[in-house]
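Chains, contacts and geometry: an overview
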Amino acid sequence: MNAKTGKLALVVGIAAFAILPLFLKGYGVYLCALFCVYLMATLGLNLTVGYAGQMSLGQAAFFGIGAYHAAILLKLGWPFFLVLPIAAVACFLVGLLLGFPALRVQHHYLAFATLGFNILVFLIMRNEATITGGPLGISGIPRPSLFGISLDADLRYFWFTLFFTVVLAAILWWLLRSPWGRAFAALRDNPIRAESLGINITAYTLFAFAIGAACAGVAGVFYASLLQFIEPSSFQFSYSLMMLLAVIVGGSGRFFGPVLGTVIIVLLPEWLRFMQNWYLAVFGFAIVALMIFLPGGLLSLPERLGWKGASK
Amino acid sequence: MVDLIQLIVSGTATGAIYALAALGFTLLWQASGTINFAQGEFVMLPAFTMLICTTRGVPLWLAFLVACVVSAILLGIGFKRIVVDPLIRHGVIPLVIATLGLSIGLKQLVKASYAAEAQPFPSVFPAGQFPLFGTHVSYSDVGTLLIAGLIVISLQLFLKRTVTGRAMQACAQNMDAAKVLGINVKTMVLYVFIINAVLAAVASLLISPTYLAKFDMGDSIGQKAFFAAIIGGFNQTSGALLGGVLIGVLENLIGFYVSPAYKEGVALVLFMVVILFRPEGLLGKAEERKV
């Protein structure tokens, strides 16, 4: 596939997805919007996992920080387009603070730091009831309006979310094609060689992680407005795990890996509903099997089968 | 003051159990570079093996032996052969993801096939307390401490004094050199996996009476084990013990004097402080990086 047909396919794909909810009922529209929201978070996570080669198990915590910022500030009547950058910057800064000590050392300490961080953030959301509403969460979060047009209708809010997902993806795409972004791939593939070429591994990895966190913050803002109600349990460690698995299952380090992975984690619970309690057990062992047989994720399948023209 | 002694004793006992799980975690890391995110489930599964046995009238000591054997085969040999061996050459991340998947799979398997609710678990120690320094300490705390301490010390002696133990340490330090010296590296690594599984089974026996046997009991234990291992020093066996006890005691003190709501966050904060000021862990030695 050359670059031109690739671009065309992408535009057609996005357009098709944009009109898809016209044929769906309320719950289907909600799932489409939810997919967009999670995609923003997993695209950011792919930066940390796929390009900077670090494990993060706390994406849901940043997602939650963004969502709580949105819930509290939007209810105070702050404009949506002010809340969005505030949440992004807040997550970026928290990401720097958390990543700095963890990334100075080897051994994938970031995985442990983010895991613990997620648990701590969950405890704060649940216990500091005066600010966060405690286990009951926050309800009645307003949806924004655009040029005087209310986005309260589900379909309109979906298009709004889709638009910003595409914008975010375009920014990340541009970032990864810039010289700054190319350094990511270099430090993932051979960190020591990258360092000897003058790339500051720690600084690059730290920024990749913080940008990934900021993406989750943005996703969180859209999530809060989508559901109009948030509670701590939506930001538990298990959601971080799902987001990480979305990136890995799709194919980490491939730009469209998270897209496929996010489709799977959003739709799989719906498809496998008939399995009831066994669904997650099957899912867990399927992940183990996938790693054993296809460690590069589902998008590496064409390469594994030796198809021509498949590229990253 | 009376409370303080009780809190420290019971914290040390809980910490010693964390240390058992952390010790296996450290050994696995040293011998094979495996970061096992299913370590908590390795503690959870034997609890249910024992429960299945005891509910059928098998005495606890025999149930424990059965659990040890089942764990050694499934979570020791099976885990190594099926999960670790094919994945180790792909680097750290696929293996970590596989252990995360394994963790979900084992948890949900137990939840779906056995029970979602917490199950009471028989204690090996008699109930009750005895006086100590003007306060009361429970038999189970002291017993836990004795057993865990005994295991850690004998493991330490095994690693330092016996030929097999020293060979295992040689493999952890330099696999190629160990091979050149005629050590059967594969067998040694397999021993480590078996030891890890058995240590987790012991931790399970000790912790289940207080934590209750539940499908997700491993979440908290596994987490404490990682943090204990790193706080003490990833490349030091004795570090796991120090890290575990430190977490256990501080959790108890902060849970009592500050806020029980944030007890679970203690390990993370301690971990962050340690890696900020002493990244190699309290007892660890700084490692040279391999190119």
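Structure's up top.
We now turn to the structure provided with this report. (Residues numbered from 1 in each chain as written. Chains lettered and ligands numbered in written order. Predicted model: local features only at pLDDT ≥ 70, side-chain atom pairs only at ≥ 80, totals over all residues. Heavy atoms only, no water.)

Examining helix α13 (residues 279-293) of chain A
Taking 1.5 Å per residue, 15 residues should reach 21 Å; α13 of chain A reaches 21 Å between its end C-alpha atoms and fits that length. The set of residues buried in α13 of chain A consists of Tyr279, Ala281, Phe283, Gly284, Ile287, Val288, Leu290, Met291 and Ile292 of chain A. On the buried face of α13 of chain A, the contacting elements are α11 (237-250) and α12 (257-271) of chain A together with α3 (60-87) and α4 (92-113) of chain B. (Helix = DSSP H or I, 4+ residues; strand = E, 2+ residues; numbered from the N terminus. Expected span 1.5 Å × (residues − 1). Buried < 20%, exposed > 50% of the residue type's maximum accessible area, 1.4 Å probe, protein only. Contact = heavy atoms within 4.5 Å.)

As for the interface of chain A and chain B
Residue-level contacts link 43 residues of chain A with 44 residues of chain B. With both sides pooled, the region where chain A packs onto chain B buries about 4000 Å², and carbon together with sulfur makes up 81% of that total. Along the contact surface separating chain A from chain B lie zero salt bridges. Broken down by secondary-structure element, the contributors of at least two residues to the side of chain A that touches chain B are α4 (80-103), α5 (109-127), α9 (191-196), α11 and α13 of chain A. If one sorts the elements of the side of chain A that touches chain B by residue count, α5 of chain A sits on top with 12 residues. Among the residues making up the side of chain A that touches chain B, the classes are represented as 32 nonpolar, eight polar and three charged. (Buried area = accessible area lost by both parts, 1.4 Å probe. Salt bridge = Lys/Arg side-chain N within 4 Å of Asp/Glu carboxyl O. Nonpolar A, V, L, I, M, F, W, Y, C, P; charged D, E, K, R; others polar.)

Section: the nonpolar core
Within the largest apolar cluster, 203 residues are counted, with the highest numbers of intra-cluster contacts made by Phe63, Phe112, Phe222 and Ile230 of chain A together with Phe37, Ile97 and Phe271 of chain B. The contacts of phenylalanine 63 of chain A, once residues within four sequence positions are left out, are Val37, Tyr38, Ala41, Ala216, Ala219, Gly220, Tyr223, Phe235 and Met243 of chain A. (Core = buried A, V, L, I, M, F, W, Y, C linked by side-chain atoms within 4.5 Å.)

So, the pairing of strand β1 (residues 129-132) of chain B
All names here are of chain B. As judged from the four bridges shared by β1 and strand β2 (residues 135-138), these two strands associate in the antiparallel manner. Bridge assignment links glutamine 129 to a residue of β2, and that residue is serine 138. Between the antiparallel neighbours β1 and β2 lie two residues, among them phenylalanine 133 with a positive phi of about 45°. (Pairing = 2+ DSSP bridges.)

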